[in-house]
Amino acid sequence: MGESVPVSCPSCGGGHTFTAPVYPCVCGAPVAPPLAAGAPVEPVTHRTWEDEWVTVRCAECGIACDQPRPELGCACGAVLRIPVRFEYAADPSAGAAEPAEAAPSAQRSERSEPVAPVERPRRPELPELPRRAERFEQPERPAHIPLPRTAASPRPAFRPLTIRTSHDAVTAAGLYLRWLGFKSVVQADERPASGIDLRGPDVIAQVDPTMSPASVRSVECLWLNGLNASAVSVYFSLAGYADDARARADDLGLPLFVMDLTGSPKPVNGPADELVSSGA
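Residues numbered from 1 in each chain as written. Predicted model: local features only at pLDDT ≥ 70, side-chain atom pairs only at ≥ 80, totals over all residues. Heavy atoms only, no water.

Enquirer: Can you help me understand the overall build of the chain in this one?
Expert: What the chain contains, in helices and strands, is six helices and 15 strands. Expressed as a percentage of the 280 residues in the chain, the buried residues total 40%. Considering only residue pairs separated by 6 or more positions, the chain has 55% of its internal contacts joining residues 24 or more positions apart. In the form shown here, the chain has an accessible surface area of approximately 15,800 Å², with 53% of it arising from carbon and sulfur atoms. (Helix = DSSP H or I, 4+ residues; strand = E, 2+ residues; numbered from the N terminus. Buried < 20%, exposed > 50% of the residue type's maximum accessible area, 1.4 Å probe, protein only. Contact = heavy atoms within 4.5 Å. Areas by Shrake-Rupley, 256 points an atom, 1.4 Å probe, with all protein chains shown as cover.)

Quick look at the structure:
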């Protein structure tokens, strides 16, 4: 588990305790961003791609990777950005850079060795959408047709978990991913700003427990997070998906599942059928 720091909301003065989320490194070791205890938090008023990530180096293997920047949602509605230690510039020619957000001087003195700057990967470009005129010229997309099973599944029958709360929905989705064959699937203590509810060494998943169909923007953001983590992206929704979201997921090859209150996910597009048929 990551370290914990006390947090005071600058908007309402409410007190919280924030625990840094832990993500697995490619070597398998748990990695959490080092929090800057005592540093003031900042409310998030504007988002950019660069501000959403923080570079963290694994203490076991020394590999540096990008993780979602820690954030905390206050009951007053403010989203607070938690300061971290030892952030470095993405420009490798700049030499050893100073931390962007540092802890007090007493904590900085504990650092023994400088860490070389790490080049942040560029944001991947989304596949180009067809023009509006071309969309109308294309034949209407057929209804979802499940793929035929060519052999009996070696997996036992899935045992669903009844959904009563949003936490139950995330738990049921995690059980389903393990049933598909994904290993070491864990749930974040608090939902990060990226919206990723479940994470494993080779899979990330988002669970939408609201009563509104998932949007095309949510599908694209999940796909980008999976691309950055080199993992399979899977989406679960209780209210289904908008038509353009389903079409976009088919273009990106992203599996979509619909969950009912019994906790049984059902595939709703071709990539989801292939995932159920072949497993992880």
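Enquirer: Just checking my understanding: could you explain the pattern of salt bridges for this structure?
Expert: Should the charged atoms of two oppositely charged side chains come close, the side chains can pair. Under the defined criterion, the tally for this structure stands at one salt bridge. Residue Glu220 is joined to Arg248 by a salt bridge in which the shortest nitrogen-to-oxygen separation is 2.8 Å. Of this pair, Glu220 sits in helix α4 (residues 216-229) while Arg248 sits in helix α5 (residues 243-252), and the two are 28 residues apart along the sequence. Across the pair, exposure class does not vary: Glu220 and Arg248 are buried alike. (Salt bridge = Lys/Arg side-chain N within 4 Å of Asp/Glu carboxyl O.)

Enquirer: I keep staring at α4 and nothing clicks. Help me out?
Expert: Residues lying three or four places apart along an α-helix face the same way, a consequence of the helix completing one turn every 3.6 residues. The end-to-end C-alpha distance of α4 is 20 Å, a good match for the 20 Å that 14 residues give at a rise of 1.5 Å each. Taken together, the buried positions of α4 are Val219, Glu220, Leu222, Trp223, Leu224, Asn225 and Gly226. Considering only its buried residues, α4 is in contact with β6 (53-57), β12 (203-208), β13 (232-237) and α5. (Expected span 1.5 Å × (residues − 1).)

Enquirer: So what exactly am I meant to see when it comes to the sheet that holds strand β10 (residues 186-187) here?
Expert: Strand pairing in a sheet takes place through backbone hydrogen bonds and is either antiparallel or parallel in direction. Reading across from one edge, β10-β11-β12-β13-β14-β15 is the order of the six strands in this open sheet, with mixed pairing throughout. Every interior strand has two partners, whereas the edge strands, β10 and β15 (265-267), have only one. Note: strand β14 (residues 256-259) against β15, three bridges, orientation antiparallel. Paired with Phe257 across the strands is Pro267, a residue of β15. (Pairing = 2+ DSSP bridges.)

Enquirer: Just to check I follow, could you spell out the sheet that holds strand β9 (residues 79-81) for this structure?
Expert: Taking strand neighbours across the sheet as the criterion, the three strands line up as β5-β9-β8 in an open arrangement whose pairing is antiparallel. With partners counted over all chains shown, the strands left at the sheet margins are β5 (42-43) and β8 (71-73), one partner each. Sheet topology note: the β8/β9 ladder contains three bridges and is antiparallel. For Gly73, the partnering residue across the bridge sits in β9 and is Val79.

Enquirer: Would you mind showing me how to read the side chain of Ser237 here?
Expert: By secondary structure assignment, the location of Ser237 is in strand β13. Overall, Ser237 belongs to the buried group, its relative accessible area being 0%. Beyond its immediate stretch of four places on either side in the chain, Ser237 contacts Asp208, Ala214, Phe257, Val258 and Met259.

Enquirer: Teacher, can you tell me more about the pairing of strand β7 (residues 64-68) here?
Expert: Remember that side chains alternate between the two faces of the sheet whenever the strand is regular. Here five bridges tie β6 to β7, and the two strands are oriented antiparallel to one another. Note on β7: the bridge partner recorded for Val56 is Cys65.

Enquirer: Would you mind going over the pairing of β14 with me for this structure?
Expert: Bridge count for β13 against β14 is three bridges, and the pairing is parallel. Its bridge partner being in β14, Ser237 is matched across the sheet by Val258.

Enquirer: What should I look at first to understand the nonpolar core in this one?
Expert: Generally speaking, a soluble globular protein has its nonpolar side chains buried in company with each other. Ranked by internal contacts, the top residues of the largest apolar core, which has 24 residues, are Tyr176, Leu177, Leu180, Leu198, Val234, Phe236 and Phe257. Residue assignment for this core shows that the elements contributing at least two residues are α3 (166-180), β12, β13, β14 and α6 (270-278). By residue number, the principal contributor to this core is α3, which donates eight residues. Residues Val7, Val31, Leu80 and Ile82 belong to the second largest nonpolar core, which totals 19 residues. (Core = buried A, V, L, I, M, F, W, Y, C linked by side-chain atoms within 4.5 Å.)

Enquirer: Help me out: how do you make sense of the state of the cysteines in this one?
Expert: Two cysteines joined by a covalent bond between their sulfur atoms form a disulfide. Applying the stated rule across the entire model yields zero disulfides. You can see Cys25 has no disulfide; the closest cysteine sulfur is in Cys61, sitting 3.6 Å from it. (Disulfide = S-S within 2.5 Å.)

Enquirer: Before we go on, may I ask you to explain α6 in this structure?
Expert: Residues Pro271, Ala272, Asp273, Leu275 and Val276 constitute the buried set of α6. Residues of α6 that are buried sit in contact with α3, β13, α5, β14 and β15. Residue Asn269 occupies the N-cap position of α6, its side-chain oxygen lying 3.2 Å from the main-chain nitrogen of Ala272. Positive phi appears at Gly279, one or two residues downstream of α6, with a value of about 80°. (Polar contact = N/O pair within 3.5 Å; in protein donor to acceptor, adjacent residues only side chain to side chain.)

Enquirer: Looking at this structure, I do not really get the confidence of the model for the chain. What am I missing?
Expert: Low pLDDT means the predicted coordinates in that region are not meant to be read closely. Taken residue by residue, the chain gives an average pLDDT of 79. The fraction at 70 or more is 75%. Segment residues 87-112: pLDDT under 50, and 41 contacts once partners within four positions in sequence are set aside and those in other chains are kept. (pLDDT = per-residue confidence, 0-100.)

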